[in-house]
Amino acid sequence: MSATVKTKGYAAKDESGKLSPWEFERRPVGDDDILIDIKFASICHSDIHQEKGHWGEQQYPQVPGHEIVGVVAAVGKNVTKFKVGDRAGVGCMVDSCMECDHCKGGEEHYCENGATKMTYGMPSEAEPTGITQGGYSDKLVVRDHFAVHIPDHISFEEAAPLLCAGITTYSPLMKEQFEIGDKVGVAGIGGLGHMAVKLAVSKGAEVYAFTTSADKVEDIKSWGVKEVIVVDEELKALQKYAKTVDYMISTIPYEFNLGAYVACIKPGGTFTYVGMPKASSITVNNLALAMAKVNYNASLIGGIPETQEVVHYCADNGVLPQIEVINASEINDAWEKVVNKDARYRYVIDAATF
């Protein structure tokens, strides 16, 4: 397996946010690697932020995509986790040191040696392009540890969003250890937010969904929430819900009035932020936080064991994302719809169309 892997995909060539077809080569399949024939890859708002340079200067061409599912086509000689023909998925990271306590403890995304390698846009001497390239493509070479098994009783299309939207919301929700009947708020009902709603409902929470999109109300109600709050520009709708929820998770991907949402949490409750807006665009009034007596934290994704856990949990319990399958030629249009809040709720790209 010494040959590089010829790959077709869609790449950003600059910060315009417009993608176009690109053929490139991935590294050869190493002793600890697997080759995945990608079947589907879904679109995350993070893809848009990164390729537009919102999080810093990027190297192009760059293929985004970190919600990836497909079939194992080849395995390295040391691989025992997978065999050819297995269903596999890859999320937001593809490597780490695997030697520090965090990596050994299943939190590879918090590698103490700073060796966590994200799925796209990270410097990589092993890759012919010089950086990792993501899942908007037809093939992927990845270290076997960083792939998870996709059970037979969930479709590839519905499994793909679990690799980021699923784990990113599942991880903090499970760490909160809320009880059945506890009031959980979800702010921002897009790709991540709708999964947060479905996961919290499935665990027995009374869910309060906060959205700026009135046309999403009926969808959200159908997922079993306690209440849907349509947030107006002046945020007056939030005032009625002061000190209402025990816990709130926010997936809002842009700068917003944090304090207005924090005020909806009971004293002693917790606010978790998983949205990733432009760097340095969130301002927190510490006095207001202190007066509210609300614990504030942020969360990244989840480790590989927890990612495998959420895939099985969602497959076993029918907690599935609401998706729309698109062709590769529709990616740019889909990105515009994500930015304009028109996605319902995760676009999934058919890799056969690359």
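Here the structure is shown first, and the text comes after it.
Every residue gets a number counted from 1 within its own chain, in the order that chain's sequence is written. It should be noted that, the model being predicted, local features are given only for residues of pLDDT at least 70 and side-chain atom pairs only at 80 or more, the latter also being counted only at that level, while totals for whole chains, interfaces and linings use all residues. Excluded from the side-chain calculation are hydrogens and water; included are all heavy atoms of the structure.

K.L.:
Whenever I open this one, the pattern of salt bridges confuses me. Can you help?
P.N.:
Two side chains of opposite charge can pair, provided their charged atoms sit close to one another. In what follows, salt bridge is the name for a side-chain nitrogen of Lys or Arg lying within 4 Å of a carboxyl oxygen of Asp or Glu. Evaluated as defined, the whole model comprises 15 salt bridges. Among the ionic pairs, Lys18 bridges to Glu336, the shortest N-O distance being 2.8 Å. Pair noted here: Lys18 is in the loop between strand 1 (5–12) and strand 2 (19–26) and Glu336 is in helix 11 (residues 331–339), with a separation of 318 residues, a long-range link. Since its relative accessible area comes to 41%, Lys18 is described here as partly exposed. Measuring nitrogen to oxygen at the nearest pair gives 3.0 Å for the salt bridge that ties Lys139 to Asp37. With Lys139 in strand 8 (residues 139–143) and Asp37 in strand 3 (residues 33–42), the pair connects residues that are 102 residues apart, well separated along the chain. For every residue, the accessible area obtained with a 1.4 Å probe (protein chains only) is divided by the maximum for its type, and the residue is called buried under 20%, exposed over 50%, and partly exposed between those limits. We classify Lys139 as partly exposed; its relative accessible area is 24%. Each helix corresponds to a stretch of at least 4 residues labelled H or I by DSSP, and each strand to a stretch of at least 2 residues labelled E; elements are numbered beginning at the N terminus.

K.L.:
Please explain the sheet that holds strand 10 (residues 183–187) as it appears in this structure.
P.N.:
Within a sheet, each strand pairs with its neighbour through backbone hydrogen bonds, oriented either parallel or antiparallel. On the basis of which strands lie adjacent, the open sheet formed by 6 strands has the order 12-11-10-13-14-15 and parallel pairing. The two strands at the open ends of the sheet, each matched to only one other strand, are strand 12 (227–230) and strand 15 (295–298). Looking at each pair of strands side by side, their axes are set apart by 20° on average, direction ignored. When DSSP finds two or more bridges between two strands, those strands count as paired. Across 4 bridges, the pairing between strand 10 and strand 13 (residues 245–250) is parallel. Axes here mean lines fitted to C-alpha atoms, for a helix over just the part in contact, with angles spanning 0 to 180 degrees between N-to-C directions.

K.L.:
What should I look at first to understand the packing of helix 4 (residues 165–176) against helix 10 (residues 304–317) in this one?
P.N.:
Packed helices, taken two at a time, are described by the angle between their axes plus the distance between the axes. Packing of helix 4 against helix 10 brings their axes to within 10 Å, and their N-to-C directions diverge by 100°. It follows from the interaxial angle that helix 4 and helix 10 lie roughly perpendicular. Residues Gly166, Ile167, Tyr170, Ser171, Met174 and Lys175 of helix 4 form the contact with helix 10, whose own contacting residues are Glu306, Thr307, Glu309, Val310 and Tyr313. For this scheme, ten residues count as nonpolar: Ala, Val, Leu, Ile, Met, Phe, Trp, Tyr, Cys and Pro. Four count as charged, namely Asp, Glu, Lys and Arg, and the remainder, Gly too, count as polar. Looking at side-chain class alone, the contact of helix 4 with helix 10 contains 5 nonpolar, 3 polar and 3 charged residues. Note on terminology: angles under 35 degrees are roughly parallel, angles over 145 are roughly antiparallel, angles of 65 to 115 are roughly perpendicular, and the others are oblique. Here, residues are in contact when the closest pair of their heavy atoms is within 4.5 Å.

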